[in-house]
Amino acid sequence: RSASLVLMFSLLLRLVLARAPGAAACPSGTTRVDTFAAEGTLWSACEDLQTPGGGLTLVPAADGVEAVHLPKTYEPYAPKPDSEYYLGLGKRRVLDAKWDMLGDALLHSCDGATRTSGLCEVTWARVESAIPVMRYSRGNRQASGNNMMCSPYSPESGVRTFTGSRSASVDATFSDHADDCTDNGFPRPQGYVMNLTAIANGEPPIPPDGWFKYVNFSAMAEGLLGQPSPNLVFYFPLLPQNFSAYGGSRYWTMVASPRPDMQGGREQDVWFRFQQLRCSGARLAPPCELVGTPQYYDTYWFSNSPITDRWIRPELKANASGFYGNLLAVKRYWDRELAAEGMMALSLPDTAGTNGSWLTDQALFSMVRSMISRDDTWHPRYGVLPGYGVSLQDGFQDTFTSTATAALEWGMFPYARGVIDNWLRYYTRDNGMITYRAEELAQSGRMLTIYALYRDYTGDAQLLLHHFGRIRAHAQWLLYRFREALRNFPDLSDPRHGIIAGGDEGDTFVAFYERWGDQPQGHKYSCHANVYRGFLDLGRVLREIGEESGREDVAAHASELLAAAPKMLAALEASLAKTVVPTSNPRAPRCVPTGADPLDAVDPGPPHARQGCLGDFRGYPELMYSGALTAELADDLFNHLMYGNASALSTRPMTLGCTGYNAKQSTYTAYGMAYGLLVYDMVERFLLHYFGMSAHTYTRGSWTTPEATHPDRDIGSTDYVAAGVHTAPTYLKWMHVFEEPDSRTVWLGKAVPREWLTPGAAPVVVRSSPTRYGRVGFTLRAAATAAGGYTVFANVSLPGSYVGAR
C-alpha cells in the first residue's frame, strides 16, 4: 500500500512540474526535477535520471539567457572485484613482492616494445587495471547511521574528500559514506535524511544497527557536478527491503555545493540536495524516476526536514531557488576565476587506451582543489580538518614548492604570484629560515629554482626585488651550509667532502637534537643537488635583474651563487664516484646510495642490500628533480628502486614507478621522479609513473589525493594533502612542453602517447603554454600515407622572443 501511495505521489509531482507556469521546456532525455528563481528569471532544473551520471541542465524561461549544462560523473568505489586487477599476477603475490612487480610487468609485457628503449609504452587504461579503485579512506568502516566513519575527535580522520571556497578557512569534509567529518551540523545522509524520509513515506524506521541491511555501502559511488566547479556528488544504492514488493532498484544521491565566496567568513557554507530515485531494472538500470520531491538544505540539518516544520518557519526553509541559485553562482565564480588566470589550454584525443579529455579535466580540477585548499585565499595548508589541516603543518615546504610549480607550469601567473608573495611575506623569516618546525634542504633548494622560474615565465622582477632581502638570506643560509661541509670534511678522499649536511624531511627533526652526537645529520645527495640547482638557476636570473635594475647588491649576490654552483656540482660528482656500489642483481647492477655517509652507519649487511640504497622514498625523487645526475646513474637509481630490494627492508620501495613509505605510493614527494625521467629521456618510465599516479593516488570520482595510498585497497589511504594534488596538472604540462634544466632546450610533445599520434585520432592541441622564452602552442595530427605508414603534421606557434633565445 505504501509503495502505491509513493508511486501516485510521484506521478502527481511530475504532472505539477510539467505544468509549472512560465517554466521552460526541458531538453530531450531529461526530466524536470524542479523549478526555481535565480538571476531575475524562472528556471527549470532538467536532469537525466536514466543513468546515475546523467547531467543537469538549467534552462531559463527568459529570452536571451543561455541554458547552463552541468555534467555529472559517477565513479563506483568498487566497479570490479579485486580478482580482476593486479594484471593477472594474483593479489597476494603482488602485495607480498618486495619489488615493483606491477611496474615491471607493464614495462615488459607487450607485443611491440619501442625500438629506442626496449620497453613497452603503457596506456592509462592498462595501468589503471593494475590496482583496484581507491575505496577506503581509513576511519571506522563499520560505522553507519548517526555513528560516523570520520570524526574530528578521532585519531584517524577518515576524510575521503572535501569541498570549499578560496576565501574560507575551514572546508567541508566528507567520509566514504558522506559523513560530516568536522561535525559541523550538516544533514546526515543516513540517520537524518534517509531515516526520516522513510518514516514520512510510511516505511519502517531504520534501526541503528540496520543500516548495513538498508544501504549497499560496497556499491557506493562518488562524482562531481559541473566540473571544474567543486560540487560533490555521492550515490547511495539501497538494498531490497522485505516490506516492499518492488522488484527494481533504488538509490539516493547527495549533492554538496559550496558557497563560492565566503567574503571573510571562516567556516564554509554548503548547499545540499538529496534525491531518491527508483529504477525498474536491477543495479540502477533504467527506466528511472524520482521518488518524492528533492530535499534542500542550507548547510545545517535544521534548515529543512522531510517530516516536520518544528525546526524552522516553513517560508524560511531551504528551497530549490537557494540550491540551484548557488549552483549557478559557483559556476559563474569559477568561470571568472579561471579565465582571469590566463592558463594554458589543452584539447587532447580520447583514445581507447588513454582518454586525453579525462586527463585534462583531472588536471584542471586539481588546480581548483589546490586553490580551495588554501586558507583565506593565500595562506597554505597541508591538508584539511580533520587531518593535515592543523596549523602546525601550514609552513610545510612541499606545499609551497608543489603549488608554485604547478601554477607556473600551467600559466596561472596571478595564482603563482600570490602563492610566492605569501610565502616570502609570512613563511620566510628575516634570517632566511622557514616558518616551520624543521628544515628541508632539498625543498629549500627548489625554492630558489622556483623564484628563478617565476621571473623566467612572467618577466616580473619586481616581486623578487621586493623580497630580495629574504631571498638572499635564505640562499646565504644554504651557502653557509655548503661552506661548513667543506670545512668539516677537508679530506678530498672523503665522500662527504663538500656535501651539504642536513635534513630533507621535517618529521625527523627531533632525532637530531635528542641524540646529538649519536645520530649526526646525514649528507644527502638530494639536499646537496637541489641546492646546487637552485644556486645555478637563481644566480643566473639575479645576474640579469642586477644588470637591468642597476642593483649592485643583487649582482653581488648572483656572483656568489654562481661561484658556488660549479664547486657544488664537482663535489657531488666526486662523491658519487666513490659511493656507487655494484650489486649481485643483474636487473639492478649498481646502487646509487641516498647520501655520502658510510653505509655501515646505516645498516649492517652487504653494501647494495642496505637501507642506504633503498629506504629513502623522498630522497631519490628529489635527487632526480635536480637533473644533476648522469643518464647512467639515473638509470641505475630507477632500476635499483624497482628490482633491488633483496635486503631486510620490509617494505617495497617502489610501486608503479612511484616511491613511497610502507609499500605505498607517496603523492607529496613524487614530482622529482617524473621530472628526472623526462630529463634523461626515459619516456616509457615517465608514462608508467604519471598514469600510476593519475589512476591510483586520486580518488576516482572526486580527485582528492591522500598523502599515500596502498595497492591493497583494504588498507585505508592516509589523509588528504595539498602537496600531492598537483601531480596531474604538472605531469600533463611536462608531457607536452618540457624544458631541460641545463641546455634550456624546449621539447614539444616529448612524452605524448603514440596512441594519440595515429591516423584517425583527434589532433593534440596545446595553446598558450608557458616557457622561459614566452608562451607557445602547437597542434599535432597524424594522417595515413599511401605506402601504409603515417605522417605526423605539426603546426607550431612561437613568440618573437624565440628568435633571439639563447
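In this text the structure is predicted, and so the values were computed from the model without any measurement.

Calculation criteria
Residues numbered from 1 in each chain as written. Predicted model: local features only at pLDDT ≥ 70, side-chain atom pairs only at ≥ 80, totals over all residues. Heavy atoms only, no water. Helix = DSSP H or I, 4+ residues; strand = E, 2+ residues; numbered from the N terminus. Buried < 20%, exposed > 50% of the residue type's maximum accessible area, 1.4 Å probe, protein only. Contact = heavy atoms within 4.5 Å. 1 Å grid on protein atoms, 1.4 Å probe; cavity = no way out; pocket = protein on both sides within 12 Å on 5 of 7 lines; lining within 4 Å. Points joined across faces, edges and corners; volume = space filled by probe spheres on them. Disulfide = S-S within 2.5 Å.

### Comments concerning the environment of Q393
- Following the sequence through the fold, Q393 ends up in the loop between α7 (356-373) and α8 (397-409).
- Since its relative accessible area comes to 9%, Q393 is described here as buried.
- With 13 residues separating them in the primary sequence, Q393 and P380 have C-alpha atoms 8.8 Å apart.
- Excluding residues that lie within four positions of it along the chain, Q393 makes contacts with Y382, Y388, Y436 and R437.

### Here's the deal with unusual backbone geometry
- P228 follows Q227 through a cis peptide bond whose omega is 15 degrees.
- Cis geometry is found at the peptide bond from P286 to P287, where omega equals 5 degrees.
- If you trace the backbone, P287 turns up in the loop between β11 (270-279) and β12 (288-298).
- One non-glycine residue, D183, lies in positive phi territory at about 55 degrees.
- Within the secondary structure, D183 sits in the loop between β7 (172-174) and α5 (189-200).
- Under the relative-accessibility criterion, D183 is labelled partly exposed at 30%.
- If you check the backbone angles, R283 has positive phi at about 55 degrees while not being a glycine.
- For R283, the location among the structural elements is in the loop between β11 and β12.
- For R283, a relative accessible area of 77% translates into the label exposed.

### Some words on empty space enclosed by the protein
- Counted under the stated rule, the structure contains five cavities of 30 Å³ or more.
- Each pocket or cavity is described by its volume, and for the largest cavity that value is around 230 Å³.
- Lining the largest cavity are 18 residues; nearest its centre among them are E409, L453, Y675, E739 and R772.
- Of all elements in the fold, only α8, α10 (441-458), α14 (525-549), α20 (727-736) and β20 (737-739) reach the threshold of two or more residues within the lining of the largest cavity.
- The element best represented in the lining of the largest cavity is α10, accounting for four residues.

### Details of the state of the cysteines
- In the structure shown here, the tally under the stated rule is four disulfides.
- In this model, C150 is linked to C181 through a disulfide, with the two sulfur atoms separated by 2.1 Å. When the S-S torsion is -95 degrees, as for the bridge of C150 with C181, the disulfide is left-handed. Taken together, the residues span a long stretch of sequence, with C150 in the loop between α4 (124-128) and β6 (161-163) and C181 in the loop between β7 and α5 at a distance of 31 residues. Of the two residues, C150 and C181, neither departs from the other in class, the shared state being buried.
- Unpaired in terms of disulfides, C658 finds its nearest cysteine sulfur in C527, a separation of 19 Å.

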